[in-house]
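In case you want the letters, here they are:
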Amino acid sequence: MAPTPRDPRPIGFNLFEMACVGHISHGLWVHPENSRHRFNDLDFWVDQARLAEEGLLDAIFLADVIGTYDGYRAGPETALQEAVQIPSNDPLLVIPAMAAATRHLGFAATFSTTYEPPFAFARRASTLDHLTKGRFGWNVVTSYLPNAARNFGLPGEVEHDTRYAIADEYLDVLYKLWEGSWDDDAVVQDRENYVYTDPGKVRYIDHVGEHFSVAGPHLAQPSVQRTPVIFQAGSSPAGKAFAAKHAEGVFVGGHDLESYRQNVADLRRLAVLEGREPTDIKTYAMAVVIVGRTRAEAERKAEEFERMSRAEGYLAHAGGGGIDLAAYPRDALMTEVLAQEAAAGRDRTSRTRFYRAEGTVADALREVTRFDRPPFFAIGTPSEVVDEIEDWVRETDLDGFNLRQFLTPGTLEDFVELVVPELQRRGLYRTRYEESTLRERLFGPGRARLPQTHHGARYRGGANLGPVGEPREATSVLAR
């Protein structure tokens, strides 16, 4: 299909990463051109960052989990053998090295709100925003693996909507620390009078809520963005409500182009109900782009990826959702499987991306092991894949995509060398970086901080601090 005009908004792309061997392309770590086994080496991350910046990507987006996928075959053995997101490292710790090697590229890392308290993370996030000069974003997750709950002393998962209630208060604590605890001009660096920080411009937050009690003040002075760019994914009613209130970038779900369009529109509608602008949220989906100089070359790559992919790895990954498909006959109907799981107290309806209700267990097994599922799968020459990308944006109103990797660095090298020039030729992609912070990259120059319409802005200047339900103007630390 020939390209057609669209609005001048550039399409955003992030490199989808994880600090591990096997992220989501299971089995391909053994490919002779893959360097995933080097993930413990800082040079691995520096090389990735430099290549991503050469390709003018928005950011490197780092996924994470804090548990092991041990739902498949009733244990972690398969995940360990297949390197299914284990071993894995802390994604926050690789960012400073990548930031030091780049000037413009953004970095977004995943961190859970369910098991670790907010005060320490507030300082970690502010430190990263300082060290990156305002290029840090946070992907808010509530964590779903049963093993994650056991790792933090709980017998099982915290209930889904309760996790979101915890996350909502968690964010309020962080906003109070990031936005309300310090004034912009609190750091005076008055050498003559030996005053580094004016105590009259720093406040306790005195948060007391259902889940957290945090006195403050924040330990870090205000960073470039103050609040990092907030990313989130979640398609449940609770997840959508959370995104509409807090998120600036959302990873949207769907089954086809029309459902993605509807979900994007619904998210923007909910944001307006929260007093925000519909354009205050950027929407993303994961995309598979396999490109070659000829279509035959691209198809050879895809055939090789399919041949080397490991079904056991995909099943272990899917099994982390709590349903061990290997425990059921292949001809069993998924409606019966889901009913049995629910009756046993293992209702995993929030993970239907793994377990569709239609068909048999054999159908479900095929579904979880394929990487060519529509709608965001493009294979061919640069012109052919950009035709697809252009159609995706036109039909869904998405703002951008997370690029799934098959080979490191091969997948990104192909995208930078072959796809980026074609996107630029059509006016769909930037030709240079023009912004200094990640938030400005998403929303435009001059918008390094949260807009006034964002929920977090209500705490600026020390407003609305104190116990939940008793908001007050906080006093400085001098008042104690």
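Everything discussed here concerns the structure shown above.
Residues numbered from 1 in each chain as written. Predicted model: local features only at pLDDT ≥ 70, side-chain atom pairs only at ≥ 80, totals over all residues. Heavy atoms only, no water.

Some remarks on the overall build of the chain
No. 1: Counting its regular elements, the chain contains 15 helices and 13 strands.
No. 2: Its C-alpha atoms give the chain a radius of gyration of 23 Å, near enough to 23 Å, the size a compact globule of 480 residues would have.
No. 3: Across its three principal axes, the chain shows a C-alpha extent of roughly 70 × 55 × 45 Å.
No. 4: Looking at the chain residue by residue over its 480 residues, the buried ones come to 57%.
No. 5: Here the contacts in the chain between residues at least 6 apart in sequence split such that 77% fall between residues at least 24 apart.
No. 6: Roughly 20,100 Å² of accessible area belongs to the chain as shown, and the carbon and sulfur atoms make up 52% of that amount.
No. 7: When the 54 basic and 70 acidic side-chain charges of the chain are each reduced to a single mean position, those positions are 2 Å apart. (Helix = DSSP H or I, 4+ residues; strand = E, 2+ residues; numbered from the N terminus. Rg over C-alpha atoms; globule rule 2.2 N^0.38 Å. Buried < 20%, exposed > 50% of the residue type's maximum accessible area, 1.4 Å probe, protein only. Contact = heavy atoms within 4.5 Å. Areas by Shrake-Rupley, 256 points an atom, 1.4 Å probe, with all protein chains shown as cover. Lys, Arg positive; Asp, Glu negative; His and termini not counted. Charge placed at Lys NZ, Arg CZ, Asp CG, Glu CD.)

Observations concerning the environment of glycine 313
No. 1: Here glycine 313 lies in helix H10 (residues 311-319).
No. 2: Overall, the relative accessible area of 0% leaves glycine 313 in the buried class.
No. 3: Residues glycine 313 and valine 250, spaced 63 residues apart in sequence, show a C-alpha to C-alpha distance of 27 Å.
No. 4: Other than its neighbours up to four places away in sequence, glycine 313 contacts His26, Glu82 and Val84.

Concerning the side chain of serine 309
No. 1: Summarising the element assignment, serine 309 is placed in the loop between helix H9 (295-308) and H10.
No. 2: Once residues within four sequence positions are removed from consideration, serine 309 is found in contact with His26, Leu28, Tyr314 and Phe371.

So, the layout of surface pockets
It is a probe the size of a water molecule, rolled over the atoms, that shows where empty space is left.
No. 1: Taken as a whole, the second largest pocket holds about 310 Å³ of empty space.
No. 2: Along the walls of the second largest pocket sit 19 residues, with Pro10, Arg430, Glu435, Arg441 and Leu442 positioned nearest its centre.
No. 3: Looking at the lining of the second largest pocket, the elements with two or more residues in it are strand S11 (282-291) and helix H15 (438-443).
No. 4: A per-element tally of the lining of the second largest pocket places H15 first, with four residues. (1 Å grid on protein atoms, 1.4 Å probe; cavity = no way out; pocket = protein on both sides within 12 Å on 5 of 7 lines; lining within 4 Å. Points joined across faces, edges and corners; volume = space filled by probe spheres on them.)

Observations concerning the nonpolar core
No. 1: Within the largest apolar cluster, 85 residues are counted, with the highest numbers of intra-cluster contacts made by Phe13, Leu57, Trp138 and Phe401.
No. 2: With ten residues, helix H6 (residues 160-180) is the single largest residue contributor to this core.
No. 3: Beyond its immediate chain neighbours, meaning those up to four positions away, leucine 57 contacts Phe13, Asn14, Leu15, Ala52, Leu105, Leu403, Leu412, Phe415, Tyr429, Arg430 and Tyr433.
No. 4: Membership of the second largest hydrophobic core comes to 37 residues, among which are Met18, Val65, Leu145 and Leu438. (Core = buried A, V, L, I, M, F, W, Y, C linked by side-chain atoms within 4.5 Å.)

So, the packing of helix H1 (residues 42-54) against helix H14 (residues 410-425)
No. 1: Two elements in contact, H1 and H14, have axes separated by 9 Å at closest approach and are oriented at 20°. When the axes of H1 and H14 are compared, the pair comes out roughly parallel. Read as a crossing pair, H1 and H14 show a hand that is left-handed. Contacts from Gln48, Leu51, Ala52 and Glu54 in H1 reach Leu412, Glu413 and Val416 in H14. (Axes fitted to C-alpha atoms, helices over the stretch in contact; angles between N-to-C directions. Parallel < 35°, antiparallel > 145°, perpendicular 65-115°, else oblique. Left-handed = near helix turned anticlockwise from the far one by under 90°.)

Thoughts on the environment of leucine 128
No. 1: Looking at where leucine 128 falls in the secondary structure, it is placed in helix H4 (residues 118-131).
No. 2: Sequence separation between leucine 128 and serine 223 is 95 residues; the distance between their C-alpha atoms is 8.9 Å.
No. 3: What leucine 128 contacts, discounting residues up to four positions off in sequence, is Leu92, Ile95, Pro96 and Phe136.

Examining unusual backbone geometry
No. 1: Residues glycine 216 and proline 217 are joined by a peptide bond in cis, for which omega reads 0°.
No. 2: By secondary structure assignment, the location of proline 217 is in the loop between strand S8 (213-214) and strand S9 (229-233).
No. 3: Note that the residue after threonine 408, namely proline 409, is joined by a cis bond; omega there is 5°.
No. 4: Following the sequence through the fold, proline 409 ends up in the loop between strand S13 (400-403) and H14.
No. 5: A positive phi angle is found at arginine 226, which is not glycine, with a value near 60°.
No. 6: The residue arginine 226 is located in the loop between S8 and S9 in this model.
No. 7: A relative accessible area of 5% places arginine 226 in the buried class.
No. 8: Despite not being glycine, asparagine 464 has its phi angle at roughly 60°, a positive value.
No. 9: Along the polypeptide, asparagine 464 turns up in the segment after H15.
No. 10: By relative accessible area, asparagine 464 is classed as partly exposed at 26%.

A short note on the packing of aromatic side chains
No. 1: Applying the stated criterion across every chain yields a total of 24 aromatic pairs.
No. 2: Taking the centre distance of 5.0 Å and the plane angle of 80° together, the rings of phenylalanine 44 and tryptophan 45 count as edge-to-face.
No. 3: Tryptophan 45 gets classed as buried once you look at its relative accessible area, which sits at 1%.
No. 4: On the basis of an interplanar angle of 5° and a centroid distance of 5.0 Å, the ring pair of tyrosine 115 and phenylalanine 152 is categorised as stacked. Pair noted here: tyrosine 115 is in the loop between strand S3 (106-112) and H4 and phenylalanine 152 is in the loop between helix H5 (146-151) and H6, with a separation of 37 residues, a long-range link. (Phe/Tyr/Trp six-rings, centres within 6.5 Å; stacked < 30°, edge-to-face > 60°.)

So, to be careful, I would describe these as geometric facts and stop short of saying anything about function.
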